[in-house]
Structure formats: C-alpha cells, structure tokens
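Here is how the chains run, residue by residue.
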Amino acid sequence: MEMDAHPPASQERAVQRDPAIDLVRFTCLLLVVAAHCMMVSPVLHKDGTVTTLNVLMEQRWFTPVAWGLMIVPLFFVLGGVTGLQSWRRLKAHGGNGFDFAQLRLLRLVRPAMAVLAVMWGGLWVALLLGVHPAVIQLMTAGAAMPLWFLAAYLTAQLSIPLMARLHERVPLLTFAVLVALIIAVDSLRGAVPVVAFANMIFVWCAVQQLGFLMADGFFEKRSRSWLLGAVVSSNLLLGLVTGVAVYPGNMVVNLNPPNFCLLLLGLSQAATLQLLHRGIRWIADLRWVQAVIAVTGRRSMTVYLWHLPLLVGMSGLLLLTDVPQPFAGTAEWWWARIPVFFAVLTLLVPVVWLFGRLENRPTAASHARGPSRTAVVTAAVVVLVPLADAAFNGLTLALLGGGAACFALSVLLLGRVPTPVLTRPTQEGAEFRGGRWRTLPEPELRANLET
C-alpha cells in the first residue's frame, strides 16, 4: 500500500529513535548503582543483629549534590519520550490501550517476579539457617527499595494511552491541571498526611508529560536562551520553596512520596537535556558506545531490580568473613566504594545472563488470541495491590512471597503476545525512507520499542 511521500513532521518525529535517550538512560542507571553503593553500610553487633548506616545521607555536602544528581525525574522524562513513541506505533498499527498495558506489564512485571521469588526463597533459607529475624527484615526492606520506583513507573506508563489523548488535544492545559493537582495535594499533606501519596500519580504523570512535550519537539523548538532561562528559573524557584522551609532541602527526602520539588527538577533536567543534546548525540553515535548500549539497554530493568539485592547480600556475607571492614564514613570506607561498585557490576553479569531474557516479549503464534480486557485489568490490579501495600506499610518477608505470587498470577493472566502484534500500517505508524514508506518496528529496534 503506497502512501503520501511527504509525512507531517510531527508524525515522522514520533517514529524516530534518538540514541541520545538510550545513552542518558544508561548513564542514569550507573549513577543509581553508584549512589546505592555509597549508602549501604551494615554493621554486625555482638548479639548477632545488624544495623545499617546511610552514610551518604549523613554528609552535609550531600544535600546540594543531591539537588544536582537526583535523576529520578529524568527517568520519567525519558519514559515519557519512549512511551509516547511506543504507544503511537502500536496505535497506528491497530493496537489499543489494553494491548499497550499488556506489553508494558509484561515488560516490567516478569523481571520483578523473578527477583521477588529469588529474594523470598533466599531469605527463608537464611532464616532457617539461624540468621537473626531482625537481620532478615533489614535485608528485606533494604534490598526491596527499588520496588517503589517500579510501582510509580508502572502507574505512569499505564496512564500513557489516556494522557497521550489529552496531550494531543490540549497539551499545555493537561500539564497545567497536573501542576495544580500537585500543589493542591502538597497543601493538604500537612493536615491529611495520607493524601500525599496521590502525588505518586500526579507528580510522575506531570514529569512524564514533559517527556511527551520533548518527543513532539516542544523543547527543540525553543531557543537556547529560553532553555537556559527554564533551567535557571526552575532552580531559583526550587531554592525559594526549600529556603523558606516550605519543602525540605534534601531532594531524597522529597522523593517518597514526591512533591512539587521533583517536578521543578524534572523541568530543569528536561531543558538541560535539550541544551546538551547535540554533544550527547555525538557521544551516542560512537560505535563502541552503541555496542555497549545495545547490550545493556535492553536489560536495564534487570540491572535496576537486581543491583540492590546483590549489594545488600554481598555486604551481609562480608560481615561473616575476616575481610577487614573500615568504619563507615572514614577515608578508607570511601575508597572501598570503588571496588564495591565494580564487584556489584561483576555480580550483575551472570544475573543478567540468567534473568535478562525475562525482559523479552513472550510471543505466541500470529493466530493466537491475546488476553481479554478483563484479564489485563485484573493483572494490573493484582500487581499494584502488593506494591501499594509495600509503599504504605513497608515490605516484609511474607509480603515478598505474596508479591512474587501476585506477579506470577499477573503474568499468567497476561499470557503471550500474538506475533506479529501489528496489523496493516497507517501513515502515522510508518517511516518514509528510501523513497517509500517502511513499516516499524525494524528487527534491530525491537527491544527498544518497549523500553
């Protein structure tokens, strides 16, 4: 089927994959692993119990550093860019919101199911071997910290079909309404603390909308002075609201549940990303960089979910050996963070090899039927319930096992994705190249389309 040879710019943009996005996501992931290596410092006491110090949070210099290196909002900006592109591809080929939800749930839930199941089994074995229950609970809570991000990210991603529709109709009004809701929730959180968790939806959906605007070229069309002004003004406003004690100055404290400060950081980071885009793109186009991203980029969720359990487990086992343990916060301890970081990366290699394939899309024959809408909705609820329980009440060993079971049930409900999942292409979901329209996705882009 031949199509018009001159696609609208917005439609052509919607199907282009920017390698700079993948490079920034990979860099942010390394920063997260490095930061956690500087936070975990367990101490073994004579009675067999273990306590842990968050050394990084106790440093005075960390508050201004966290301001500049709190890259969680940037993850949601990047998720907005790639999520909107994936949704438009799917929709253009006949897919709907339930198809998108199935793909997103499988992409995120299958790797999480594995890590929860292995953690639950491993910690039960440790408990039966005589490890103190307080130590088990500490390891459970510490190693499962990444799950709050999974809950927030999954919620934002599942909202993409609805938020994309609003974005296409009234983009700036949609963003403005989300900002108003964020401020309203922040105003009420002092009187009704539980209402603060509503911003787990409003804040991250608003930051995700910045990614939508970036995908459609809003930031690209702005001048460098406008972008610089956005960076400066958002940080000045952030300094004002933290300086007068409306919000805490430590961005980690502002993170869970999130507040208006995270939105300001997201705006600053989106504008900064656009300002630096040309240089980042040059680096991303280097052949060796592309090779690294091609291998690690499609396993990013596995790396994120497993790095902290591996770090906690490794740190706990080292306490049982004769390896000298420097006191937390000393110069020796800081220098030891370098081998700890590379040790975690080394441990991740076999884990990614074993479990990374769970990030692949499970496919069925092209004539197979996908899950019903009821099954997709039920799967989403089954996943979000234990995540919400962990967010409100903390993670226990029992909830760890229950969460693994819920995730497994969700995977069974979601089933497999018929392949090819896409039907007859339309102009919006095709790419004009070489004098004719070519349908996406291309084989080499398959892993990226669901990132």
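As the structure is a computational prediction, the values presented were derived from the model and not from experiment.

Engineer: Whenever I open this one, the pattern of salt bridges confuses me. Can you help?
Structural biologist: Summed over all chains, the structure comprises seven salt bridges. Between Asp18 and Arg281 there is a salt bridge, and its shortest N-O distance comes to 3.6 Å. Within this pair, whereas Asp18 is found in the loop between helix 1 (9–14) and helix 2 (19–37), its partner Arg281 is found in helix 13 (residues 277–284), the two being separated by 263 residues in sequence. With a shortest N-O distance of 2.6 Å, Asp216 and Arg88 are connected by a salt bridge. Remark: Arg88 occurs in helix 4 (residues 72–92) and Asp216 occurs in the loop between helix 10 (199–215) and helix 11 (224–243); sequence separation between them is 128 residues. One connected set of salt bridges, linked through shared partners, spans Arg88, Lys91, Glu168 and Asp216.

Engineer: Sorry, what's going on with the confidence of the model for the chain here?
Structural biologist: Regions with low pLDDT should not have their predicted coordinates read in detail. Residue-level pLDDT values for the chain average 83, and 86% of them are 70 or greater. Within the model, pLDDT remains below 50 along residues 422–451, and this stretch shows 73 contacts once partners closer than five positions in the same chain are excluded.

Engineer: Is there a simple way to explain the packing of aromatic side chains in this structure?
Structural biologist: By convention here, two paired aromatic rings are described through the distance between centres and the angle between planes. All told, the structure shown has 16 aromatic pairs when counted by the stated rule. On the basis of an interplanar angle of 65° and a centroid distance of 5.6 Å, the ring pair of Phe76 and Phe149 is categorised as edge-to-face. You can see Phe76 sitting in helix 4 and its partner Phe149 sitting in helix 7 (residues 147–158), a full 73 residues away along the chain. A single burial state applies to Phe76 and to Phe149, both of which are buried.

Procedures and definitions
- Residues numbered from 1 in each chain as written.
- Predicted model: local features only at pLDDT ≥ 70, side-chain atom pairs only at ≥ 80, totals over all residues.
- Heavy atoms only, no water.
- Salt bridge = Lys/Arg side-chain N within 4 Å of Asp/Glu carboxyl O.
- Helix = DSSP H or I, 4+ residues; strand = E, 2+ residues; numbered from the N terminus.
- pLDDT = per-residue confidence, 0-100.
- Contact = heavy atoms within 4.5 Å.
- Phe/Tyr/Trp six-rings, centres within 6.5 Å; stacked < 30°, edge-to-face > 60°.
- Buried < 20%, exposed > 50% of the residue type's maximum accessible area, 1.4 Å probe, protein only.

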